[in-house]
Amino acid sequence: MIPDVFTSTGPYHLLSYASVTGLTLWHSFVSGPVAFKVLPRPQFGLLQSKLFPIYFLSQSVLNGICLLTTSNRNGRITFAIGLVGGLLNLVIVGPWTSK
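Residues numbered from 1 in each chain as written. Predicted model: local features only at pLDDT ≥ 70, side-chain atom pairs only at ≥ 80, totals over all residues. Heavy atoms only, no water.

Together, L25, W26, F29, V30, V34, V38, L39, L47 and L51 make up a nonpolar patch on the protein surface, roughly 820 Å² of accessible area in all. Among the elements of the structure, α2 (10–38) and α3 (41–69) are those that each provide at least two residues to the nonpolar patch. In terms of residue count, the dominant contributor to the nonpolar patch is α2 (6 residues). On the secondary structure map, V38 appears in helix α2. Here V38 falls in the exposed class, since its relative accessible area comes to 64%. (Patch = residues over 30% accessible without salt bridge, like charges linked within 9 Å, V, L, I, M, F, W, Y side chains within 5 Å. Areas by Shrake-Rupley, 256 points an atom, 1.4 Å probe, with all protein chains shown as cover. Salt bridge = Lys/Arg side-chain N within 4 Å of Asp/Glu carboxyl O. Helix = DSSP H or I, 4+ residues; strand = E, 2+ residues; numbered from the N terminus. Buried < 20%, exposed > 50% of the residue type's maximum accessible area, 1.4 Å probe, protein only.)

So, in structure tokens, the structure goes:
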């Protein structure tokens, strides 16, 4: 018999929600500001150009998982906005600003 933890969507939702929240808070309030203060501008720009695609892809995937595993209507709207925003940043904004 398979334990409920593997068949239920709850653990996947919790893990992906916690991951996207932690990733966003860390990148926005810790790693980005510290790198901006410590690195010279050219190196900071190079670092961000390498980190942002990974960040936006992670943000999109994790919001997508949250979208698929929630049953709350308002949660679906929120995660759909996060998914679309992450994909737009990954596909359009990121490459445009890295030129």
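Before going further, it helps to spend a moment on the side chain of H27. As for its placement among the helices and strands, H27 is situated in helix α2. We classify H27 as buried; its relative accessible area is 10%. Discounting chain neighbours no more than four positions away, the residues touching H27 are G32, P33, Q48, L51, F52 and Y55. (Contact = heavy atoms within 4.5 Å.)

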